Number of protein chains: 2
Amino acid sequence: MSAGWFRRRFLPGGPLPAPRPPRPRSSPVPYRRPRFLRGSGSGPGTADAPRRPDVRPVRSPARGRALPWNAGYAEIINAEKSEFNEDQAACGQLCIRRCEFGAEEDQEWLTSCPEEFLTGHYWALFDGHGGPAAAILAANTLHSCLRRQLEAVVEGMVATQPPMHLSGHSICPSDPQFVEEKGIRAEDLVIGALESAFQECDEVIGRELEASGQVGGCTALVAVSLQGKLYVANAGDSRAILVRKDEVRPLSSEFTPETERQRIQQLAFVYPELLAGEFTRLEFPRRLKGDDLGQKVLFRDYHMRGWSYKCVEKSDLKYPLIHGQGRQARLLGTLAVSRGLGDHQLRVLDTNIQLKPFLLSVPQVTVLDVDQLELQEEDVVVMATDGLWDVLSNEQVARLVRSFLPGNREDPHRSQLCSHRSLERGAVTGLFQRTWYLSFGHTRTLERNHLPC
Amino acid sequence: MSAGWFRRRFLPGGPLPAPRPPRPRSSPVPYRRPRFLRGSGSGPGTADAPRRPDVRPVRSPARGRALPWNAGYAEIINAEKSEFNEDQAACGQLCIRRCEFGAEEDQEWLTSCPEEFLTGHYWALFDGHGGPAAAILAANTLHSCLRRQLEAVVEGMVATQPPMHLSGHSICPSDPQFVEEKGIRAEDLVIGALESAFQECDEVIGRELEASGQVGGCTALVAVSLQGKLYVANAGDSRAILVRKDEVRPLSSEFTPETERQRIQQLAFVYPELLAGEFTRLEFPRRLKGDDLGQKVLFRDYHMRGWSYKCVEKSDLKYPLIHGQGRQARLLGTLAVSRGLGDHQLRVLDTNIQLKPFLLSVPQVTVLDVDQLELQEEDVVVMATDGLWDVLSNEQVARLVRSFLPGNREDPHRSQLCSHRSLERGAVTGLFQRTWYLSFGHTRTLERNHLPC
């Protein structure tokens, strides 16, 4: 992507054309729930219990179905807000082949990989909005993008230190020293691959949505286990935490119009055309009105972490670029998240103002070194969409894990039970939720070794 | 500042005009050392000692001269690198008057303030480059800018909660609730005032340098005590730490081309014109050369925290926007810092490529709540330019403080002695250094109370 592309895409020179409804050129993305939920009931413990009409069923994988690391998954079925459940989840084995760049082709997911060179696992949550299409496409696509990106750099990943040249041939004798001085490690290539995969997936979703005449977007929270490390990549407002005996460690940050205020305001400063004269980029404690004109009111601009006072002018009365507080904060009055996939067609209601230029698809990546931290079976990574975190704090989830897991040490489905249990409260409040529970110590020896070709 | 201003200032539409040497319209900024060093010797303990020719004298305020909080200051005199010592320091009382905006006039520094409404103290270090003028102007000006910015918001600072309207008259009954929900506190107004003061000072320096035909820039590290809090504002690569009995807490981050890589690369992505076709914004482990063409080499772009490989094209052989490693890293091959004041005329050697658009004058501000942390006389804030941190680690400085201060509890000049001592090692290595030592528990009750007008 270049600056020229950005300008051509988002800053047309002449007057803005009226928004065109997308014209379908292919069939809509078929709706489905995650494959690993096939044959599932409403989950352990509640299947035969009398169902209260105000309690939504919690759905989990069928009891006999083993997921990578015996991970636990649960989701609350949506029955009211929209026709379809807009969220999705995915998991599977990640089979990285050693192949020449450009030689890869599509590969069936969740099958054995005879030519694998490096294997890992992958768990993902996609919290959709504006329709289920983007989340379904992300669940169908992101792992393939990631595999492709990892295969493009796998030779560098398995070296003691990533070589300056992917071919491994040094052109300059001190190349290893330059790489060493920059502190570049194999894990930086995985981080780079995750960053590129999210962007590639976003482009695929954009093309597919346009072709099928559909709309929508989704957040993405992904965990990948590879070479003895767990990578957590997040674009959106889902959250992952690590729960240990004496510690609760956040593994992600939430990306919302509030947390990314300065980045978003700065873009509007650089390209005021993006606001089409309809919004003000400045932040005020509330939307200003005529009576405020000429008064000195609290405000802040893109370069400020602190607050100051400014004299209110007429242009300050426009609708704010970021408006509302906490869970109610909205970008351009429309969207509650500032990173994610999709939303290529999203515009402010009844205008031609696009949201996409303000959204980032690039995730923030956190790395857990499983060996160095001596992570054990009792240590659990919990990943969940914002619905869970609206009703349970990190500490409450940690208490649930700590009180449940030790007493069920022998049950291979204990992560599953734990996942199910944490959603029961959400089932009553009626929020959308899905969650992964990953417990360390199952099959992770597999990912630490790569097989020689 | 608007986007239009930025574009007009840095992105001329036609071919770039040749750089003009500034034409002096006023006399040069007079050179001086900090006023509080008047009458100083080479400092305690060394004044009468035989001087080794390879050891530079360490200069401190005269023994009888009390600085705010009995703070300690020391600097090493520059004798070789440039004709003048390019660094500066300042300190003094900060007297905030309650006055109508626009009614203030210049006020003599370090004098009593009969009309003061709120008082605090101020300590600053300015590490200059490219000549001493910018650091001298900053030492002469920044405190006045800060006082002006604080006076403009002081009514909000002394309220229990900053009011939505500076006048204190609510227009909307729920205004206090909006302010409460945003979590806006009095300290946010001080942070905002520091951010604005740095920018205002930068504009003053730009005008003064242009008028006097001088050049140069400087970093700025400032500590301000006000209403029972200590604010540390930093723009550049100086550093402040808090040393306590069992803790060493960083109070600032260093802003260099390396730490601000993504911001700088992104600006070059948005405005490629700023590189005038002479530089590449991409980062590689080393500068590429002809033999690398067509090879896949390690790289990263503005949106990447991780690394990936790319196929080298001809444009990648250009000089990198950020080049070198650690202390050697340079922005556009020229500057080792990415934030600071001045440098309005700075251009890449033999070109018209400006550095100023890549530099930020806005500081990062850290707040220490003196009461809440129960800071005592034994707790010390150490502020120093990079020269000190090149030869002493945070822990080494902390050891020095902890070993020295308790044995000299009765000496009112102990901060001074401690400051002097920490520079003695630097005096041998010959680096430029200046440092402040602020010990809590002296006069801070003064700043916590504001006098009713």
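As shown above, the structure is provided for reference.
Note that the structure is predicted; figures quoted are calculated from it, not measured. Throughout this description, residue numbers start from 1 for each chain and increase along the sequence as written. As a convention, the first chain written is A and the first ligand written is 1, with the rest following in written order. pLDDT decides what is reported in this predicted model: residues at 70 or higher carry local features, side-chain atom pairs at 80 or more are listed and counted, and totals for whole chains, interfaces and linings draw on all residues regardless. The side-chain quantities take in all heavy atoms of the structure and omit both hydrogens and water.

**Some thoughts on the interface of chain A and chain B**
Item 1. Working rule for contacts: check all heavy atoms of both residues, and any pair within 4.5 Å makes them a contact. Taken together, the 57 residues of chain A in the interface contact 57 residues of chain B.
Item 2. Summed over both partners, the interface of chain A with chain B buries about 5100 Å², with 59% contributed by carbon and sulfur atoms.
Item 3. The largest contributions to the chain A side of the interface with chain B come from M164(A), K182(A) and Y309(A), which together make up 14% of the buried area.
Item 4. E283(A) is the partner of K182(B) in a salt bridge, and the nearest nitrogen-oxygen pair spans 2.7 Å. Simply put, the buried area is the total loss of 1.4 Å probe accessible area from both parts when two parts are fitted together. Think of a salt bridge as a Lys or Arg side-chain nitrogen and an Asp or Glu carboxyl oxygen that are within 4 Å of each other.

**A short note on the packing of helix α2 (residues 133–157) of chain B against helix α4 (residues 186–212) of chain B**
Residues and elements named next belong to chain B.
Item 1. Where α2 meets α4, the closest approach of the two axes is 7 Å, and the angle between their N-to-C directions is 145°. Note that α2 runs across α4; the crossing there is right-handed.
Item 2. Under the scheme applied, nonpolar residues are Ala, Val, Leu, Ile, Met, Phe, Trp, Tyr, Cys and Pro; charged residues are Asp, Glu, Lys and Arg; polar residues are all the others, including Gly. Looking at the contact of α2 with α4 residue by residue, the classes come out as 21 nonpolar, four polar and three charged. Geometry is summarised by axes, namely lines fitted to C-alpha atoms with helices restricted to the contacting stretch, and by angles between N-to-C directions that run from 0 to 180 degrees. Secondary structure follows DSSP: runs of H or I at least 4 residues long count as helices, runs of E at least 2 residues long count as strands, and numbering of each begins at the N terminus. Each crossing gets its hand from how the near helix is turned against the far one by less than a right angle, where anticlockwise is left-handed and clockwise is right-handed.

**A few points about the nonpolar core**
Item 1. In terms of nonpolar packing, the biggest core is built from 59 residues, with Y122(A), F126(A), L146(A), L150(A), L194(A), F198(A) and V224(A) touching the most fellow members.
Item 2. Looking at this core, the elements that each hand over two or more residues are β3 (88–97), β4 (116–126), α2 (133–157), α4 (186–212), β7 (220–226) and β8 (229–235) of chain A together with β12 (296–299) of chain B.
Item 3. In terms of residue count, α2(A) provides more of this core than any other element does, 15 residues in total.
Item 4. Look past the residues within four positions of V224(A) in its chain and what remains in contact with it is L94(A), H121(A), Y122(A), L146(A), L194(A), K229(A), L230(A) and Y231(A).
Item 5. Membership of the second largest hydrophobic core comes to 58 residues, among which are L317(A), A134(B), A138(B) and V190(B). By nonpolar core we mean a set of buried residues, namely Ala, Val, Leu, Ile, Met, Phe, Trp, Tyr and Cys, connected to one another through side-chain atoms within 4.5 Å. The buried label applies to any residue whose accessible area, calculated with a 1.4 Å probe on protein chains only, is under 20% of its type's maximum; exposed applies above 50%, and partly exposed to all values in between.

**Section: the packing of aromatic side chains**
Item 1. Each Phe, Tyr or Trp ring, with Trp reduced to its six-membered ring, pairs with another whose centre is within 6.5 Å; inter-plane angles below 30 degrees give stacked pairs, above 60 give edge-to-face pairs, and intermediate values give tilted ones. Evaluation of the coordinates by the stated rule reveals 12 aromatic pairs over all chains.
Item 2. Arranged with centres 5.3 Å apart and planes meeting at 55°, the rings of F36(A) and W436(A) form a pair that is tilted. With F36(A) in the loop between α1 (3–10) and β1 (58–59) and W436(A) in strand β20 (residues 434–439), this pair connects stretches of sequence that are 400 residues apart. With respect to class, F36(A) is no different from W436(A); both count as buried.
Item 3. Ring centres of F36(B) and Y73(B) lie 5.1 Å apart, and the angle between their planes is 80°; on these two criteria the pair is classed as edge-to-face. Within this pair, whereas F36(B) is found in the loop between α1 (3–10) and β1 (58–59), its partner Y73(B) is found in strand β2 (residues 72–76), the two being separated by 37 residues in sequence. Across this residue pair, the class does not change: F36(B) and Y73(B) are buried.
Item 4. Among the aromatic side chains, those forming a connected cluster through ring pairs are F36(A), Y73(A) and W436(A).
Item 5. The residue whose ring lies beneath R339(A) is F255(A), and the NZ or CZ to ring-centre distance is 3.9 Å. Each ring is checked for a lysine NZ or an arginine CZ that lies within 6 Å of its centre and within 35 degrees of its normal; such an atom marks a charge sitting over the ring.

**Topic: the sheet that holds strand β10 (residues 248–250) of chain A**
What holds strands together in a sheet is hydrogen bonding between their backbones, with the strands either parallel or antiparallel.
All names here are of chain A.
Item 1. Taken together, the six strands give an open sheet; going across it, the order is β1-β2-β20-β19-β9-β10, and neighbouring strands pair in antiparallel fashion. Every other strand in the sheet has two partners, leaving β1 and β10 as the edge strands with one partner each.
Item 2. In this structure, β1 lies alongside strand β2 (residues 72–76), joined through two bridges in antiparallel fashion. Opposite V58, over in β2, you have I76 as the bridge partner.
Item 3. Its contacts with the sheet place helix α7 (residues 394–404) against β9 (239–243), β10, β19 (380–384) and β20, and it is angled at close to 45° to β9. Two strands pair under a simple rule: DSSP has to find at least two bridges between them.

**Structural notes on the side chain of R339(B)**
Residues and elements named next belong to chain B.
Item 1. Tracing the sequence through the fold places R339 in the loop between β16 (330–331) and β17 (341–342).
Item 2. Whenever a nitrogen or oxygen atom comes within 3.5 Å of another N or O atom, the pair is scored as a polar contact, on the condition that within protein one atom can donate a hydrogen and the other can accept it, and that pairs from neighbouring residues in sequence are kept only if both atoms are in side chains. A polar contact is formed between the side chain of R339 and the side chain of E260, at a distance of 2.9 Å.
Item 3. Of note is the side chain of R339, whose polar atom sits 3.0 Å from the backbone oxygen of V362.
Item 4. The contacts of R339, once residues within four sequence positions are left out, are T219, A235, G236, F255, E260, L360, V362, P363 and Q364.

**A short note on the relation of the copies chain A and chain B**
Item 1. Superposition record for chain A on chain B: RMSD 0.0 Å, screw rotation 180°, translation along axis 0.0 Å. Each copy turns onto its partner about a two-fold axis. For chain A, the residue whose C-alpha comes nearest the rotation axis is V270(A), separated from it by 4.3 Å.
Item 2. A symmetric contact is evident, with 100% of the interface residues of chain A recurring at the interface of chain B. Here the copies were fitted onto each other by least squares, based on C-alpha atoms from residues at pLDDT of at least 70 in both.

**What to know about the pairing of strand β9 (residues 239–243) of chain B**
The side chains of a regular strand alternate, residue by residue, between the two faces of the sheet.
All names here are of chain B.
Item 1. Of all five residues that make up β9, five are buried, and the element is covered over most of its length.
Item 2. Burial along β9 is two-sided: R239, I241 and V243 facing one way and A240 and L242 facing the other are all buried.
Item 3. Looking at chain direction, β9 and strand β19 (residues 380–384) are connected through five bridges and run antiparallel. Bridge pairing in β19 places A240 opposite M383.

**Describing α7(A)**
All names here are of chain A.
Item 1. N394, V397, A398, L400, V401 and F404 are the residues of α7 that are buried. The arc that holds the buried residues of α7, viewed along the axis, is 160°, so those residues lie on one side. For α7, the exposed residues set more than 90 degrees away from the buried face come down to R399 and S403. As used here, the arc belongs to the directions running from the helix axis to the C-beta atoms.

**Quick look at the side chain of S338(A)**
All names here are of chain A.
Item 1. By secondary structure assignment, the location of S338 is in the loop between β16 (330–331) and β17 (341–342).
Item 2. Among the residues examined, S338 registers a relative accessible area of 0% and is labelled buried.
Item 3. Within the structure, the side chain of S338 is placed 3.2 Å from the backbone oxygen of T256, a separation counted as a polar contact.
Item 4. Of note is the side chain of S338, whose polar atom sits 2.7 Å from the side chain of E260.
Item 5. In contact with S338, other than residues within four places in its own chain, are F255, T256, P257, E260, R263, I264, F358, L359 and L360.

**Some points on the pattern of salt bridges**
A side chain of one charge can pair with a side chain of the opposite charge if their charged atoms are brought near each other.
Item 1. Enumeration over the complete set of coordinates arrives at 54 salt bridges over all chains.
Item 2. One salt bridge connects E377(A) with R414(A), and the closest N-O pair in it is separated by 3.9 Å. On the criterion of sequence distance, the pair formed by E377(A) in the loop between β18 (364–369) and β19 and R414(A) in helix α8 (residues 414–429) is long-range, its members being 37 residues apart.
Item 3. The class of E377(A) is partly exposed, set by a relative accessible area of 29%.
Item 4. When salt bridges that share partners are traced, they join K182(A), R261(B), E283(B) and R300(B) into one network.

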